[in-house]
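Observations on the model geometry
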Amino acid sequence: MSEPFDLEFIDNRRRRVIPCRLYPASSEIASPVILVSHGLGGSRRGMSYLGKAWSSAGLHCLFLQHPGSDSDTIESAPPMKRFKAFKEAASLQNGLDRIADVSFVLDELEAEVRTPDRLAGLKFDLWRIGMAGHSFGAATSLAIAGRMYPSNQSYPDPRVKAFVTLSPQPVQTLSVDEAFGALKQPILCMTGTDDESPLTGKITPESRRDVYHAMPTGDKYLLVLDQANHFDFEERRRRRQPERDPRYHQAIHEIGLRFCQAYLWNDDSAKRWLQSRSPLEDNILVPADHWEWK
């Protein structure tokens, strides 16, 4: 496996630096790219288990860090004010900044491919781009997919073809049908039976599943991991959190990879696997987990 390395993209127009970490694909041919967006208070260093597993399977994995809603923002606040900083970071403006980060990084990747510099020697297939994200990162991913905002606003980027959303969440100002009812792209939603929001009781494990149910039929998938909580999708641990079941990360990266194979590599056998009980029958999941598709 090639070693990951850090780089920065500088958006002069917005006066904004976007730190990234790239896990290069273990492949000598042009490989698909998946962008990964962290949750609130996260960084480009998080969810490395996905970067390691997916890059070993042939995906370039580019982890974005979003200033304003990242770990640097939270940790720069005085200890007694960090929870307040955490809540304030979940703002509409930071959500919009994240969307702009994604599209800007895609522009920069296209420029890098045309005139190789920092990424010399790596071959990117920019016709096959996916995106994954956890929590606020899942919201960012679904925004790039084109979910609706109030006043009939949306911010899709059609360069991204498929989406893996970990802990997706409803939009408080719209119904789930209004927000997600028109998303036609392939989307994999993952959550857990204990996936409660660390910020508000209005976002429940059930409401995360409602996001999937509001989406139209066609290339949509839902995984619910039994007893998994919000932080089981990350690598960060919270005080007083129980030990993470190691099978969670294994299931997340294996099923996520099959999804990418189906929709970035156009692998029909992977698609047939997804649209079956194989995830339950191949010892990736346990009987108490829930798997469905439509």
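Look up: the structure comes first, before these words.
Every chain is numbered on its own, with residues counted from 1 as its sequence reads. Two thresholds apply to this predicted model, a pLDDT of at least 70 for residue-level local features and 80 or more for giving and counting side-chain atom pairs, whereas whole-chain, interface and lining totals are computed over all residues. Water and hydrogen atoms play no part in the side-chain values, which are based on all heavy atoms of the structure.

Attention shifts here to the overall build of the protein chain. Within the protein chain, the regular secondary structure consists of ten helices and nine strands. Radius of gyration here is computed from C-alpha atoms only, and the compact-globule reference equals 2.2 Å multiplied by the residue count raised to the power 0.38. For 294 residues, the compact-globule estimate of 2.2 N^0.38 gives 19 Å, and the C-alpha radius of gyration of the protein chain, at 18 Å, lies within 12% of that figure. For the protein chain, the C-alpha atoms occupy an extent of roughly 50 × 50 × 40 Å along the three principal directions. Per-residue burial over the protein chain gives 55% buried out of 294 residues. Contact between two residues is taken to exist if any of their heavy atoms lie within 4.5 Å; hydrogens are not considered. Excluding contacts between residues fewer than 6 apart, the proportion of contacts in the protein chain whose partners are at least 24 apart in sequence is 71%. Taken as two groups, the 37 positive and 39 negative side-chain charges of the protein chain have centres that lie 4 Å from each other. Under the DSSP-based scheme used, a helix requires at least four consecutive residues in state H or I and a strand at least two consecutive residues in state E, with every element numbered from the N terminus. When accessible area is computed with a 1.4 Å probe and restricted to protein chains, residues below 20% of their type maximum are described as buried, those above 50% as exposed, and intermediate ones as partly exposed. For the charge count, each Lys or Arg is scored as positive and each Asp or Glu as negative, with His and the chain ends excluded. Taken as the charge location is NZ of Lys, CZ of Arg, CG of Asp or CD of Glu.

Attention now moves to the pattern of salt bridges. Salt bridges are defined by distance alone: a side-chain nitrogen of Lys or Arg within 4 Å of a carboxyl oxygen of Asp or Glu. Enumeration according to the criterion identifies 18 salt bridges in this entry. For arginine 209, the salt bridge goes to glutamate 206, with nearest N and O atoms at 3.9 Å. Of the two residues, arginine 209 and glutamate 206 both sit in helix α7 (residues 205-214), three residues apart, roughly one turn of that helix. By relative accessible area, which is 21% here, arginine 209 ends up partly exposed. The exposure class assigned to glutamate 206 is partly exposed, which follows from its relative accessible area of 43%. Residues joined in a network through salt bridges with shared partners are Asp11, Arg14, Arg16, Asp97 and Asp101.

Turning our eyes to something else, we now look at helix α8 (residues 247-263). Along its 17 residues, α8 runs 24 Å from first to last C-alpha, staying within 8% of the 24 Å computed at 1.5 Å per residue. Here α8 lies mainly inside the structure; 13 of its 17 residues are buried. In a helix, the anticipated span is given by 1.5 Å times the number of residues less one.

The topology assignment puts aspartate 157 in the loop between α5 (136-145) and β6 (160-166). Accessibility expressed as a relative area gives 6% for aspartate 157, which makes it buried. Separated by 2.8 Å, the side chains of aspartate 157 and arginine 159 make a polar contact. In contact with aspartate 157, not counting residues within four places along its chain, are Ser103, Leu106 and Ile144. Each polar contact in these results corresponds to two N or O atoms within 3.5 Å; when the atoms are within protein, one needs to be able to donate a hydrogen and the other to accept it, and residues that are neighboring in sequence are counted only if both atoms are side-chain atoms.

For the rest of this paragraph, the subject is the nonpolar core. What we call a nonpolar core is a set of buried Ala, Val, Leu, Ile, Met, Phe, Trp, Tyr and Cys residues that are connected through their side-chain atoms within 4.5 Å. Counting 41 residues, the largest nonpolar core has Cys20, Leu35, Leu62, Leu109, Phe180 and Met215 as its most contacted members. In this structure, Tyr23, Leu59, Ile252 and Leu257 belong to the second largest nonpolar core, which totals 38 residues.

Attention now moves to the layout of surface pockets. Here the largest pocket defines a volume of roughly 790 Å³. Buried and open spaces are told apart on a 1 Å grid over the protein atoms alone, a cavity being a set of points where a 1.4 Å probe fits but cannot get out and a pocket being an open set with protein on both sides within 12 Å along at least five of seven lines. Residues with an atom within 4 Å of a point are the lining residues. As for the largest pocket, its lining consists of 35 residues, of which Ala90, Phe136, Gln169, Gln172 and Ile203 are closest to the centre. For the lining of the largest pocket, the secondary-structure elements that each account for two or more residues are α3 (82-88), α4 (92-114) and α5. If one sorts the elements of the lining of the largest pocket by residue count, α5 sits on top with four residues. Charged means Asp, Glu, Lys or Arg here, nonpolar means Ala, Val, Leu, Ile, Met, Phe, Trp, Tyr, Cys or Pro, and polar covers whatever is left, Gly included. Tallied by class, residues from the lining of the largest pocket come to 17 nonpolar, twelve polar and six charged. Grid points are joined across faces, edges and corners, and a volume is the space filled by probe spheres set on the points.

This brings us to the sheet that holds strand β1 (residues 5-11). With respect to topology, nine strands assemble into an open sheet ordered β1-β2-β4-β3-β5-β6-β7-β8-β9, the strand pairing being mixed. Of all the strands in the sheet, the pair left with one neighbour each is β1 and β9 (290-293). Each neighbouring strand pair of the sheet contributes to a mean axis angle of 20°, computed without reference to strand direction. When DSSP locates at least two bridges between a pair of strands, those strands are taken to pair. Sheet analysis places strand β7 (residues 187-194) next to strand β8 (residues 220-229), joined by seven bridges and oriented parallel. What sits directly across from threonine 191, in β8, is valine 224. To obtain each axis, a line is fitted to C-alpha atoms, and for helices this fit is confined to the stretch in contact; angles are then taken between N-to-C directions over 0 to 180 degrees.

Moving on, we come to the pairing of strand β4 (residues 60-64). Among the five residues in β4, five count as buried, and that is most of the element. Every second residue of β4 is oriented toward a common face, with His60, Leu62 and Leu64 on one face and Cys61 and Phe63 on the other, all of them buried. Bridge analysis of strand β2 (residues 16-23) against β4 gives four bridges, and the strand direction is antiparallel. Within β4, the position partnered with cysteine 20 by the bridge is leucine 64. Pairing between strand β3 (residues 31-37) and β4: five bridges, direction parallel. Looking at the pairing, valine 33 lines up with histidine 60 of β4. Crossover handedness for the path β3 to helix α1 (residues 48-56) to β4: right-handed. Crossover handedness is defined by viewing with both strands directed away from the observer: a clockwise path from the first strand over the helix to the second marks the crossover as right-handed.

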